[in-house]
Amino acid sequence: MAVDSTLPSPLGPPAHERDAKALQFIEDMTKNVDSVQERVLSEILAQNAETEYLKRFNLNGATDRETFKSKIPVVTYEDLQPEIQRIANGDKSPILSSHPISEFLTSSGTSAGERKLMPTIAQEMDRRQLLYSLLMPVMNLYVPGLDKGKGLYFLFVKAETKTPGGLLARPVLTAYYNSQQFKTRPFDPFNVYTSPNEAILCVDSFQSMYAQMLCGLLMREEVLRVGAVFASGLLRAIHFLQVNWKELAHDISTGTLNPKITDGSIRERMSQILKPNPELAEFIVNECSAENWERIIVRIWPNTKYLDVIVTGAMAQYIPTLEYYSGGLPMPCTMYASSECYFGLNLRPMSKPSEVSYTIMPNMAYFEFLPHDQSNPSALSRDSPPRLVDLADVEVGKEYELIVSTYAGLCRYRVGDILRVTGFHNAAPQFRFVRRKNVLLSIESDKTDEAELQKAIENASVLLTEFNTSVVEYTSYADTKQIPGHYVIYWELFIKDPANAPTDDVLNQCCLQMEESLNSVYRQSRVADNSIGPLEIRVVKNGTFEELMDYAISRGASINQYKVPRCVSFTPIMELLDSRVVSKHFSPALPHWTPERRR
Ligand code: AMP
């Protein structure tokens, strides 16, 4: 069935009667952004009026914007750490929230090397659930017939930990998949997953993935969409299939489950699903034993209409690989969310990844925007508090840092994401995710952020196309052990034809091409100041980044939320990477730099 990417705004009409309410809700929220925001702020302030935190700033019961903005400071995680620590240690008094903190959500963002702990309250789960409930009604506007089959989603939970005071600490998605809202969700023909709950809820990632993949293969004809939370999760699943297809095919052929799957509830559930099917097993063996895995997703799951994965932000680099495996299926980035708060959704999910914008739903929290000063991105002083802009007042084309005040008690909290306003749906601004702040490579005054690094890699990898080679994964390291320091970029390459691999000289040129793409402060330091040495590329063995992820998971990262760190400095990780290096390359010349601006 055709996929329509051209529906105009406003939304609708609903594809199904059951979607009408959700679409109407989106219309109401987006038409009345400012009044909803005003109500949300006053609800948050009224709810938390008696907390230690708000009392400290003498709000005296005020719930209006003016008082709030004049009295409450903009804060970072580090500012709140003493309060968060007390809650974690078991202080149950109303510190940040009048409602009891139900658990901590562990963010993939870290503070002093540790995951940030985000307090949450029970009612937040309903708010998250509400946002989820809007996704399919929007998708149904663009893709018909999603009730005629299933979604193959690779979803994972992580083992939970407890704080010293006994509160649960776990990733937000682990909390969600373990919630009654998810586990006992009523049947919805538009949201039928191939993965049984028993597989999703198994904390052993191998067993969970194995069972989810097995179910996906068994139901291959029914699968209409394939997904994971982030693009990296889906690629990990494909890699899993590459490694395990023989065992999976054996199970399908014989109708018996691999003895490596020891989880009792998975075994019981699979015994109801798994029946011998030698024909299907033979098909899988034929497809998976082929050298060429191009379009493997649509070869195995021929009715797939789209890949449900996030490919914005740090995930943009996976787009070419996913296009290769899927034959160019659309990749709707359906929502934008974090441990602090779920923010909003993509109302035009069939747009190109580079054009994805998210509409923040004004009922989720109170949102403010700190104009992002490109020349001085960290400027924020207590003495002259910046003017934060309200959600309804942001301007198209401008970049802002997102600041959130939540029902759970975060007040004017800097999320750390930089967003650019691209337009409006009704009165609601739509935002392109630009980058997460402060992911920097720096040797001295130079600062390279994630987007710049990504661009440099894209530009350099153009030199690899004639060798049918692409960069599948990368990370970086500011090597300051020698003077001058230099950037080290680790590359894992996908070389289609080893007989035609890129030469040493080409890889050296890739180093230079990266330098040419970096910002002028970097090039000035290289050329005029000689304070940065030639950029180095270290090519690592295939599978190294998989090992890096395994390492992170073994140290407590969640598969759902795992993102390859774009800059590394932690010694064991450096040692792992360095032990896998197959060749080293250096920039053979200085990049261009003149005092004049390039544009
Ligand atoms: P976490 O706290 O681990 O859940 O990570 C949340 C962060 O992931 C956000 O603040 C963003 O930086 C990033 N993120 C979440 N959703 C998206 C998205 N749709 N596109 C790009 N980045 C995202």
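Predicted, not measured: the structure shown is a model, and the values here were computed from it.

Cut-offs and rules
Residues numbered from 1 in each chain as written. Predicted model: local features only at pLDDT ≥ 70, side-chain atom pairs only at ≥ 80, totals over all residues. Heavy atoms only, no water. Domains from an automatic or database assignment. Contact = heavy atoms within 4.5 Å. Buried area = accessible area lost by both parts, 1.4 Å probe. Salt bridge = Lys/Arg side-chain N within 4 Å of Asp/Glu carboxyl O. Polar contact = N/O pair within 3.5 Å; in protein donor to acceptor, adjacent residues only side chain to side chain. Helix = DSSP H or I, 4+ residues; strand = E, 2+ residues; numbered from the N terminus. Nonpolar A, V, L, I, M, F, W, Y, C, P; charged D, E, K, R; others polar. Pairing = 2+ DSSP bridges. Axes fitted to C-alpha atoms, helices over the stretch in contact; angles between N-to-C directions. 1 Å grid on protein atoms, 1.4 Å probe; cavity = no way out; pocket = protein on both sides within 12 Å on 5 of 7 lines; lining within 4 Å. Points joined across faces, edges and corners; volume = space filled by probe spheres on them. Buried < 20%, exposed > 50% of the residue type's maximum accessible area, 1.4 Å probe, protein only. Core = buried A, V, L, I, M, F, W, Y, C linked by side-chain atoms within 4.5 Å. Near = heavy atom within 4 Å. Areas by Shrake-Rupley, 256 points an atom, 1.4 Å probe, with all protein chains shown as cover.

Visitor: Whenever I open this one, the domain arrangement of the protein chain confuses me. Can you help?
Guide: Interface size is often expressed as the accessible area that is lost when the parts come together. Looking at the assigned domains, one finds that the protein chain contains domain 1 (17–122 + 337–376 + 387–436), domain 2 (147–304) and domain 3 (440–586). Between the C-alpha centres of domain 1 and domain 2 the distance comes to 33 Å. Facing 15 residues of domain 1, the contacting portion of domain 2 comprises 15 residues. Overall, the association of domain 1 and domain 2 removes approximately 1,200 Å² of surface from exposure, summing both partners, and the carbon and sulfur fraction of that is 57%. At the surface where domain 1 touches domain 2, the tally comes to two salt bridges. With a shortest N-O distance of 2.5 Å, Glu103 and Arg170 are connected by a salt bridge. Counting across the interface, domain 1 meets domain 2 through seven residue pairs in polar contact (both at pLDDT 80 or more). Every element with two or more residues in the side of domain 1 that touches domain 2 is listed here: α5 (77–88) and β1 (103–111). Ranked by residue count, the leading element in the side of domain 1 that touches domain 2 is β1, at four residues. Taken together, the residues that form the side of domain 1 that touches domain 2 break down as seven nonpolar, five polar and three charged.

Visitor: I would appreciate a short explanation of the sheet that holds strand β3 (residues 150–154) in the present structure.
Guide: Sheet strands line up and pair through hydrogen bonds in the backbone, either parallel or antiparallel. Spatial strand order, β3-β6-β7: three strands in an open sheet with parallel pairing. On the outer flanks of this sheet lie β3 and β7 (306–310), each paired with one strand and no other. Taking each pair of neighbouring strands and ignoring which way they run, the sheet shows an average axis angle of 20°. By the bridge criterion, four bridges tie strand β6 (residues 223–230) to β7 in an arrangement that is parallel. Within the sheet, the bridge partner assigned to Val226 lies in β7 and is Leu307. On top of the sheet, helix α10 (residues 205–218) reaches β3 and β6; it is set at about 155° to β3, its chief contact. Along the sheet face, helix α11 (residues 231–254) touches β3, β6 and β7 and points at about 120° away from the line of β6.

Visitor: Can you help me understand the sheet that holds strand β19 (residues 581–586) in this one?
Guide: In spatial order, the strands read β16-β17-β18-β19; together these four strands make up an open sheet with mixed pairing. A single partner strand is all that each edge strand has here, and the edge strands are β16 (469–479) and β19. Recorded for the sheet is a direction-independent mean angle of 25° between the axes of neighbouring strands. Strands in contact with helix α16 (residues 450–461) are β16 and β17 (486–495); relative to β16, the strand with the most contacts, it is inclined by about 135°.

Visitor: Just to check I follow, could you spell out empty space enclosed by the protein for this structure?
Guide: Unfilled space is identified by rolling a water-sized probe across the atoms. Taken as a whole and judged by the stated rule, the model has four cavities of 30 Å³ or more. As a volume, the largest cavity reaches approximately 60 Å³. Every residue along the wall of the largest cavity is listed here: Phe154, Met213, Val226, Leu234, Ala237, Ile238, Leu241, Ile296, Ile297 and Trp301. Mapped onto the lining of the largest cavity, the elements with two or more residues apiece are α11 and α14 (296–300). It is α11 that provides the largest number of residues to the lining of the largest cavity, a total of four residues. Residues that form the lining of the largest cavity fall into these classes: ten nonpolar, no polar and no charged.

Visitor: Would you take a moment to explain the pairing of β17 for this structure?
Guide: Within a regular strand, the side chains alternate between the two sheet faces. With eight of its ten residues buried, β17 lies for the most part within the structure. Across ten bridges, β16 lies against β17 in antiparallel orientation. Looking across to β17, one finds that Val471 is bridged to Leu493. Connecting β16 to the next strand, β17, in antiparallel fashion are six residues. In terms of strand pairing, β17 meets strand β18 (residues 536–540) through five bridges, oriented parallel. Bridged to Val488 within β18 is Glu536.

Visitor: Quick question: what am I supposed to make of the nonpolar core here?
Guide: The nonpolar side chains of soluble globular proteins are, as a tendency, buried together. Counting 166 residues, the largest nonpolar core has Phe154, Leu241, Trp301, Phe367 and Phe369 as the members making the most contacts within it. Of the residues forming this core, the biggest block, eleven residues, is contributed by α11. When sequence neighbours within four positions are dropped, the list of residues in contact with Leu241 reads Met213, Leu217, Leu248, Cys288, Trp293, Ile300 and Trp301. Formed by 26 residues, the second largest nonpolar core is a distinct cluster that contains Leu453, Leu464, Tyr474 and Trp491.

Visitor: Honestly, the pattern of salt bridges in this entry has me stumped. Any pointers?
Guide: Two side chains carrying opposite charge are able to pair once their charged atoms lie near each other. This structure, assessed with the given rule, holds 38 salt bridges. Between Arg56 and Glu83 there is a salt bridge, with its nearest N and O atoms 2.8 Å apart. Of the two residues, Arg56 sits in helix α3 (residues 52–56) while Glu83 sits in helix α5, which places them 27 residues apart along the sequence. Classification of Arg56 by relative accessible area gives partly exposed; the value is 40%. Looking at Glu83, the relative accessible area reads 7%, which means it is buried. For the salt bridge of Arg538 with Asp479, the shortest nitrogen-to-oxygen distance reads 3.9 Å. Taken together, the residues Arg538 in strand β18 and Asp479 in strand β16 connect sequence positions 59 residues apart. The residues Arg538 and Asp479 share a single accessibility class, namely buried. One salt-bridge network, held together by shared partners, links Asp34, Arg65, Lys69, Glu368, Asp390 and Arg412.

Visitor: Could you clarify how one ought to interpret the site of the ligand in this entry?
Guide: Neighbouring the ligand are 16 residues, the closest being Ser108, Thr312, Ser339, Tyr358 and Asp417. Asp417 places a polar side-chain atom, nitrogen or oxygen, 2.6 Å from an oxygen atom of the ligand. At a separation of 3.0 Å, an oxygen atom of the ligand approaches a polar side-chain atom of Gln561. Bound to the protein, the ligand loses 94% of the 500 Å² it would expose on its own. Put simply, the parts of the chain that give the shell around the ligand at least two residues each are β1, β8 (335–337), β14 (413–425) and β15 (428–436). By residue number, the principal contributor to the shell around the ligand is β8, which donates three residues. Here the residues of the shell around the ligand sort into seven nonpolar, six polar and three charged.

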